[in-house]
Amino acid sequence: MAEESPAEIRLLRSLKAKLIEILSADADFVLQHAHSRSLLSEPGYQRVNACHIPSEKVKDLLDHVMQRGPEAAERFLELLKDRELQETFPMLSFIKHLQVNSLPSGTGNHLTSTKGKQEHELQDSPAQKNCNNGCGLVTEQQLMSVARNIGKSWREIGRLALDIRSVKLEQIEEDHSTHVERVFAMLRYWRSCQREKATAAHLHSLLSRGDWALPPDCIQFLLDTNSADEQLMGPGDRHDLREPLIDHEEGQSFLNEAVKIIVEEVLCKGTDVKQKVCEWKEPEELAQLLDLELRDTGEPQPRLLQRVRNVAKYSIKTSHPRFFNQQFGGVDYHSLAGRFLTEALNTNLFTYEVAPVFVLMEAEVLRGLRQLVGWTEGDGIFCPGGSTSNMYAMNLARYRLFPEVKNQGMWGLPRLSIFTSPESHYSVKKGAAYLGIGMDSVVMVKVDDGGRMIPEDLDEKIELSKSQGAVPFLVSCTSGTTVRGAFDPLDRIADVCDKHKLWMHVDAAWGGSVLFSKKHRHLMKGVDRANSVAWNPHKMLVAGLQCSALLLKDNTNLLKQCHSTNASYLFQQDKFYDVNLDIGDKSVQCSRKVDCLKLWLMWKAVGSVGLAERVDKAFIHARYLLEHMKKRDGFQLLGVPEFVNVCFWYIPPSLRGKGGSEDYQERLAKVAPVIKERMMKQGTMMVGYQPLGDEVNFFRVIVFSPLLSNKDIDFFLNEIERLGSDL
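Residues numbered from 1 in each chain as written. Predicted model: local features only at pLDDT ≥ 70, side-chain atom pairs only at ≥ 80, totals over all residues. Heavy atoms only, no water.

1. A look at the overall build of the chain
As a reminder of what qualifies: Secondary structure elements follow DSSP: runs of H or I of four or more residues count as helices, runs of E of two or more count as strands, with numbering from the N terminus. As a reference, a globule follows 2.2 Å times the number of residues to the power 0.38, and the radius of gyration itself is taken over C-alpha atoms. Each residue's exposure class comes from its accessible area (1.4 Å probe, protein chains only) as a fraction of the maximum for that residue type: buried when under 20%, exposed when over 50%, partly exposed otherwise. We call two residues contacting when some pair of their heavy atoms lies within 4.5 Å.
What the chain contains, in helices and strands, is 31 helices and 12 strands. By the compact-globule yardstick of 27 Å for 727 residues, the chain is too spread out, its C-alpha radius of gyration being 34 Å. The dimensions of the chain, computed from C-alpha atoms along their principal axes, are 105 × 70 × 50 Å. Burial status across the chain gives 49% buried among its 727 residues. A sequence separation of at least 24 residues applies to 71% of the contacts in the chain between residues at least 6 apart.

Here it is, written out as structure tokens:
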């Protein structure tokens, strides 16, 4: 007589057909979980994974597990009890109650017959106990409420509970595009077949028994007969008011797992030079991979976690050492902790009563930044980006000159004029348009060969504007222009502003961080004479997006005078604390995100000395890049950089020595876009390019990330040569 198989093998074999039917709904999901628990040998995993038919894949998986012996079979059965699998495959719920020793020796099936089990369950069915409830025909609204609570096992429910043939279910799936539409169509088909038997109670009885049973609270409304309105309520409307709608245990479990993925994909792989900066996909393919469509029904946790992983995988890794593309990048872990904490606390920075910590913290951080500018007193506010900071300054300057504009608008004002350089940020023009001043009122002042505003031309342009009947009111100068990184001569511009009594604003969104450095703060000599300064610590200091401050020399409460509307439901004057701590009326926003914590925590961690070190190291990297660029053929600088923006053309071998040819500029303009496309599609690094004035496309590399090393700079130069040598 052949030796009898171990109980674990016999149990798994007895469940084989049922498991194939259930697990085929997502064969890859269960295979990956089995592989992660070492239930398959590596060759076995490769063989099973190669199968493309879900039912065959599950069959091969079960066969392989049983071949590996009773221990593997028992561990696989335990895997099926795992929470993630139970959520993904609701029809696996029967597994939780199985015991290996419940299978008698020699038996072929540990389960009672389906018919006997259904008859037993029907005797205890709530529908039988409530025969007077739900006796009316089921309505369309009730069917839709049921449809929203049936998950991916809808086909099994259709076949086993509603007795609908597979061919009909396949037709329904083909005819309808969304999950809820398919389930609703299936339920309507069942109702049409059942006719007078299609009562709410009958549907309840079918969906509340067997391995496919839905949770009782999802279908209890089918038996309720209170009012007509209540009969139409779905489970979302009839939720037990004694319990919260959010499951904290489930939510925190998801969050813990999501954070693990974020750390792995973004902070480990995303900062590893052996990994790609980007995983490029064309828009159509990316949309399909992400499955962006929003649906009526939710998804189980495992699927959501895979979505978190996909978002991380296909996003640009801006913390990567070889991301040179923008004036933000890298990562500071103390700042990141502050960002996480900010999101978790989810408060609004407008009153002391809802944000006491952050009202005091923002005031202190702004005070620290003002001190670096050279002001012992003043005001300020954190804004959603440097563009908004520049617009604030423009609005304040106009209000100081014409306070009636707040109530009366622009109709009674003369034509105003603003002065800036052609290399300033585009937000100056955008702000003029937004505030009703008009882009034609923005006067461009000439710059020198390095991109710096020429004060003498500024003076001439102001005089000309006055002679044409306009009223000059603001000069917007720049410390660290976007492309070349130029610093306007602030001291000499301040002389011009004093002469004409104009508001002097300094857009130091990019360059302001040099104020931490004793070696380089001279670039902003005269900034203390300005009326306002915009500064983005999320750039060179790596505080993380977004962290943008507007600093003001004013100590007359101009911010509040200009923007306040005294909303009585927020800013009551009879509060039990100092109402001056309610700072929300200074802002044009009502809801205002906390942006000070990330900078405060980072500043606390490394101190002013540590932040100065970051600035100094960025300049050292820029010098290293310049020195090595000069040693190589094919690299032509736009000019000697003043900051850490290094602008250059790469001249491929085919164009060298041909600068005088008629089509040289046209051909050179095409080099940077092609190299950029190649690096993106290969994922090796990212660097930006642009034209400027009469200059054709050139590269602008930004070297400031604290994760950067000389090896990364060497790689950058080598990669430009590799990608462009054949052009």
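2. Details of a nonpolar patch on the surface
Spelled out, the test is: A patch is a set of surface residues, each over 30% in relative accessible area and not in a salt bridge, joined within 9 Å for like charges and within 5 Å for the nonpolar side chains Val, Leu, Ile, Met, Phe, Trp and Tyr. For accessible areas, the Shrake-Rupley method is used with a probe of radius 1.4 Å. Any residue's cover is judged against the shown protein chains and nothing else. Note on definitions: salt bridges are taken to be side-chain nitrogens of Lys or Arg within 4 Å of carboxyl oxygens of Asp or Glu.
Nonpolar side chains collect at one region of the surface, where Leu255, Val259, Ile262, Val263, Val266 and Phe340 lie side by side and expose about 450 Å² of accessible area between them. The leading source of residues in the nonpolar patch is helix α17 (residues 248–268), at five residues. By the secondary structure assignment, isoleucine 262 is in helix α17.

3. Observations concerning the nonpolar core
The line we're drawing: The definition of a nonpolar core used throughout is a set of buried Ala, Val, Leu, Ile, Met, Phe, Trp, Tyr and Cys residues joined through side-chain atoms within 4.5 Å.
Among the nonpolar cores identified, the biggest contains 103 residues, and Val506 and Phe716 are the most heavily contacted of them. Counting residues in hydrophobic clusters, the runner-up holds 64 residues, among them Leu15, Ile20, Ala147 and Phe184.

4. Points about the sheet that holds strand β9 (residues 635–637)
Heads up, the condition is: Any two strands with at least two DSSP bridges between them are considered paired. For helices, the axis comes from a line fit to the C-alpha atoms of the stretch in contact; other axes are also lines fit to C-alpha atoms, and the angle between any two N-to-C directions lies between 0 and 180 degrees.
Within the open sheet, the five strands sit side by side as β1-β11-β12-β10-β9. Their pairing is mixed. Either end of the sheet is taken by a strand with one partner, and the two such strands are β1 (323–324) and β9. Bridge count between strand β10 (residues 645–650) and strand β12 (residues 695–702): four bridges; the pairing is antiparallel. By the bridge assignment for β12, valine 646 is matched with valine 701. Sheet contacts for helix α31 (residues 710–724): β1, β9, β10, β11 (686–692) and β12; angle to β10, the most-contacted strand, approximately 25°.

5. Some thoughts on helix α24 (residues 427–434)
An α-helical turn contains 3.6 residues, so any two residues separated by three or four positions project in the same direction. Keep this limit in mind: Throughout, the arc means the angular range of directions from the helix axis out to the C-beta atoms.
Considered for burial, the residues of α24 that qualify are Ser427, Val428, Gly431 and Ala432. When α24 is viewed along its axis, its buried side chains cluster within an angular range of 145° and face the same direction. Downstream of α24 by a residue or two, glycine 436 has a phi angle that is positive, lying close to 80°.

6. Description of the pairing of β11
Summarising the sheet, β1 and β11 pair through two bridges and their orientation is parallel. Across the sheet, phenylalanine 323 pairs through a bridge with methionine 686, a residue of β11. Pairing analysis gives four bridges linking β11 to β12, with the strands arranged antiparallel. Bridging across to β12, leucine 692 finds its partner in glutamate 695. Counting the residues that bridge the hairpin from β11 to β12 gives two residues, and of these glycine 693 lies at a positive phi of roughly 60°.

7. Focus: the pattern of salt bridges
Overall, the coordinates contain 43 salt bridges when judged by the stated rule. Aspartate 26 serves as the salt-bridge partner of lysine 152, at 3.5 Å between the closest nitrogen and oxygen. Here aspartate 26 lies in the loop between α2 (16–23) and α3 (27–36) and lysine 152 lies in the loop between α10 (140–147) and α11 (154–161), a separation of 126 residues in the sequence. We note a salt bridge from aspartate 82 to arginine 37, for which the minimum N-O separation is 2.8 Å. With aspartate 82 in the loop between α6 (70–80) and α7 (83–88) and arginine 37 in the loop between α3 and α4 (42–49), the pair connects residues that are 45 residues apart, well separated along the chain. Under the relative-accessibility criterion, arginine 37 is labelled partly exposed at 34%. Connected through salt bridges with shared partners, the residues Asp291, Glu293, Arg295, Glu299 and Arg307 form a single ionic network.

8. Section: the environment of isoleucine 157
By secondary structure assignment, the location of isoleucine 157 is in helix α11. Isoleucine 157 sits in the buried class, given a relative accessible area of 1%. Measuring from C-alpha to C-alpha, the distance between isoleucine 157 and lysine 16 comes to 19 Å, with 141 residues separating the pair along the chain.

9. Some remarks on the sheet that holds strand β4 (residues 442–444)
Strand order in the open sheet formed by seven strands is β2-β8-β7-β6-β5-β3-β4, and the pairing between neighbours is mixed. The open sheet terminates on both sides in strands that have one partner only, identified here as β2 (379–383) and β4. On average, each strand axis in the sheet is inclined to that of its neighbour by 20°, with strand direction left out of account. In the sheet, strand β6 (residues 503–508) pairs with strand β7 (residues 532–535) via four bridges, with the strands oriented parallel. When the bridges of β7 are listed, alanine 508 appears paired with tryptophan 535. Sheet contacts for helix α26 (residues 490–500): β5 (471–478) and β6; angle to β6, the most-contacted strand, approximately 155°.

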